Amino acid sequence: MTDRRAEHGAGDVLDRRAFLAAAGAATAGLAGCSGSDPEDGNGSTDETERPPDAGGNGNVTGTPSTPGERTLVVGTYSAFIDAPSTSPGAWLKEAFESEFDAELVWQTPPNDLNYYIERHNAGVDVEADLYLGVNPDDLVRVDENVDGDLFAEAGDVEGTEAVKSGLEFDPADRAIPYDTGYISLVYDGTETEAPETFEGLLEEEHRGDLIAQTPSGDTGRAFLLHTVHEFGDEGEYDYLDFWADLQANDVRVLGSWSDAYDAWTGGEAPMVVSYSTDQVFAADSGADLDEHQIRFLNDQGYANPEGMAVFSEAADPDLARQFMSFVLRPAVQGQIAQRNVQFPATDDAELPDDYADLAKEPPEPVTFTYEELQGSLDGWVDAWERQFAGGN
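The structure presented is a predicted model; accordingly, all values stated were derived computationally and were not measured.

Break down the packing of aromatic side chains for me, citing the residues and quoting the values.
Within the structure shown, the criterion is met by 26 aromatic pairs. Relative to phenylalanine 323, the ring of phenylalanine 96 has its centre 5.3 Å away and its plane inclined at 80°; by these criteria the two rings are edge-to-face. Taken together, the residues phenylalanine 96 in helix H3 (residues 89-99) and phenylalanine 323 in helix H10 (residues 317-327) connect sequence positions 227 residues apart. Note on phenylalanine 96: relative accessible area 0%, which makes it buried. Note on phenylalanine 323: relative accessible area 0%, which makes it buried. Geometrically, the ring pair formed by phenylalanine 100 and phenylalanine 326 is edge-to-face, given 5.9 Å between the ring centres and 90° between the ring planes. Of this pair, phenylalanine 100 sits in the loop between H3 and strand S3 (102-107) while phenylalanine 326 sits in helix H10, placing them 226 residues apart in sequence. The same class applies to phenylalanine 100 as to phenylalanine 326, namely buried.

Just give me the short version of the nonpolar core, but keep the residues and values in it.
Among soluble globular proteins, nonpolar side chains are generally buried collectively. Within the largest apolar cluster, 77 residues are counted, with the highest numbers of intra-cluster contacts made by Leu113, Tyr239 and Trp243. Setting aside residues up to four positions removed in sequence, tryptophan 243 forms contacts with Ala212, Phe223, Leu224, Thr227, Val253, Trp384, Gln387 and Phe388. Listed in part, the 35 residues of the second largest apolar core include Ala79, Val163, Leu319 and Phe326.

Before we move on, can you summarise the packing of H3 against H10 with the specific residues and values?
Contact pair H3 / H10: the axes reach a minimum separation of 11 Å and the direction vectors enclose 115°. Considering how the two elements wind past one another, H3 and H10 form a crossing that is right-handed. Between H3, through Leu92, Ala95, Phe96 and Glu99, and H10, the contact on the second element is made entirely by Leu319, Phe323, Phe326 and Val327. Tallied by class, residues from the contact of H3 with H10 come to 7 nonpolar, no polar and 1 charged.

Now, about the pattern of salt bridges: what can you tell me, with residues and values included?
This structure, assessed with the given rule, holds 15 salt bridges. Note that arginine 70 and aspartate 316 form a salt bridge whose closest N and O atoms lie 2.9 Å from each other. With a gap of 246 residues between them, arginine 70 in strand S2 (residues 70-76) and aspartate 316 in the loop between strand S10 (300-310) and H10 connect regions that are remote in the sequence. The exposure class assigned to aspartate 316 is buried, which follows from its relative accessible area of 14%. Taking the shortest distance from any N to any O, the salt bridge between arginine 252 and glutamate 268 comes out at 2.0 Å. Linking arginine 252 in strand S7 (residues 252-254) with glutamate 268 in the loop between helix H8 (257-265) and strand S8 (271-275), this pair joins segments that are 16 residues apart in sequence. It is possible to trace a salt-bridge network through shared partners that takes in Asp137, Asp138, Asp218 and Arg221.

Give a description of the environment of methionine 324 that names residues and reports values.
Mapped onto the elements of the fold, methionine 324 is located in helix H10. The buried category is assigned to methionine 324, whose relative accessible area is 0%. Residues contacting methionine 324, with those up to four places away along its chain left out, are Leu130, Ala154, Val157, Ile176, Met308, Ala309 and Val310.

Pulling in residues and values, what's your account of H8?
Counting along an α-helix, one turn takes 3.6 residues, and residues three or four places apart therefore face a common direction. Along H8, the residues that are buried comprise Trp257, Ser258, Ala260, Tyr261, Ala263 and Trp264. One or two steps after H8, the chain reaches glycine 267, where phi turns positive at roughly 85°.

Lay out the pairing of strand S5 (residues 176-187) with the relevant residues and their values.
Among the 12 residues that make up S5, 12 are buried, leaving the element largely enclosed by the rest of the structure. With 7 bridges connecting them, S5 and S10 associate as antiparallel partners. From the neighbouring strand, tyrosine 182 faces S10, where its bridge partner is alanine 303. The pairing of S5 with strand S11 (residues 343-344) spans 2 bridges and is antiparallel.

A description of unusual backbone geometry should follow, citing residues and the corresponding values.
We note that aspartate 173 has phi near 60°; this positive angle belongs to a residue other than glycine. A positive phi angle, near 55°, is found at asparagine 298, a position not held by glycine. Residue placement: asparagine 298 occurs in the loop between strand S9 (293-295) and S10. For asparagine 298, a relative accessible area of 23% puts it in the partly exposed group.

Which residues make up the packing of helix H5 (residues 136-145) against helix H14 (residues 377-390), and what values do they have?
The N-to-C vectors of H5 and H14 enclose an angle of 105°; their axes lie 10 Å apart at closest approach. Taken together, the axis directions place H5 and H14 in an arrangement best described as roughly perpendicular. Where H5 abuts H14, its residues Asp137, Arg141 and Glu144 lie against Leu377, Asp378 and Val381. Classifying every residue of the contact of H5 with H14 gives 2 nonpolar, no polar and 4 charged.

Cut-off values and rules
- Residues numbered from 1 in each chain as written.
- Predicted model: local features only at pLDDT ≥ 70, side-chain atom pairs only at ≥ 80, totals over all residues.
- Heavy atoms only, no water.
- Phe/Tyr/Trp six-rings, centres within 6.5 Å; stacked < 30°, edge-to-face > 60°.
- Helix = DSSP H or I, 4+ residues; strand = E, 2+ residues; numbered from the N terminus.
- Buried < 20%, exposed > 50% of the residue type's maximum accessible area, 1.4 Å probe, protein only.
- Core = buried A, V, L, I, M, F, W, Y, C linked by side-chain atoms within 4.5 Å.
- Contact = heavy atoms within 4.5 Å.
- Axes fitted to C-alpha atoms, helices over the stretch in contact; angles between N-to-C directions.
- Left-handed = near helix turned anticlockwise from the far one by under 90°.
- Nonpolar A, V, L, I, M, F, W, Y, C, P; charged D, E, K, R; others polar.
- Salt bridge = Lys/Arg side-chain N within 4 Å of Asp/Glu carboxyl O.
- Pairing = 2+ DSSP bridges.
- Parallel < 35°, antiparallel > 145°, perpendicular 65-115°, else oblique.

Pasting the structure below:
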């Protein structure tokens, strides 16, 4: 279990400033992608080739197909392939290839989705057929910063009728959800009793008790959005006021989910912002569940669905859609949920009987829609960054 961008750092935030900087670098040879030049070494921009290496950076799982086989290149975040605990990538590759006459090649460029946006905006081959791991705020950032269409409509994909009501987040019908998580507090019940409300985090008894993350990664951004949802962005007391009070109560904010979670497991504080599926991971590793308790502040959990979408420039869009149908099968949904330590996106996923006992669903899921995030997301994040930097 890990944040999709946790291992890449703040440089992966898909904000307008990063896009503008990337666009300038891209037109000069795309040299701004983690210091690697896609046209140097193993990379290639020849559309007749399907390079297995995203820009020569070596972050690829799988090998090119033999002559006559079809190749499906899927971009995703690195934790889907090589999380330190468990990850579904290797299993999914083997299962897909065992049934389809095709080679599945994973691409995990250091800048995640930003890599493909840079290439698309520069007018060169994006090198992949599909991206797995786009969430609502990613999609808003893409649509506000991309030239033309990065993704195509999903089209005819089997299994979409089983996707849970309320998880669909793309009004243009490009991204199809494949799993979802809920942001919550995880706390050591042998050390403290987590508060039941946001305001409870501000009590003196919880001074220095919480570890959170910056909005450069999914977990921190989702928690920030939950505070915007709870307190609003204007009025006598808004989300920035709440964060100022959290700072005054010695909240510790680290750069990634993994940094925060490692600090929490190391005993540096009794509470951490994480996922409500934490006990699935804890039970699997043999941990004491009393030390892995879940708290939904205000009985709410911020929903963070993940989707998959076909690139508009895909070399084999039909195979990409077959892959999406495969991912939505009940057995595959169950495996992805367990291995990615999340909830499945469909109602018919095949899961162990005890999964629901360990994976906690909030009494009230909350989230912002695509339309609500559009035009507001960057402003909320920028305002938080300015205030938080000024307060330290």
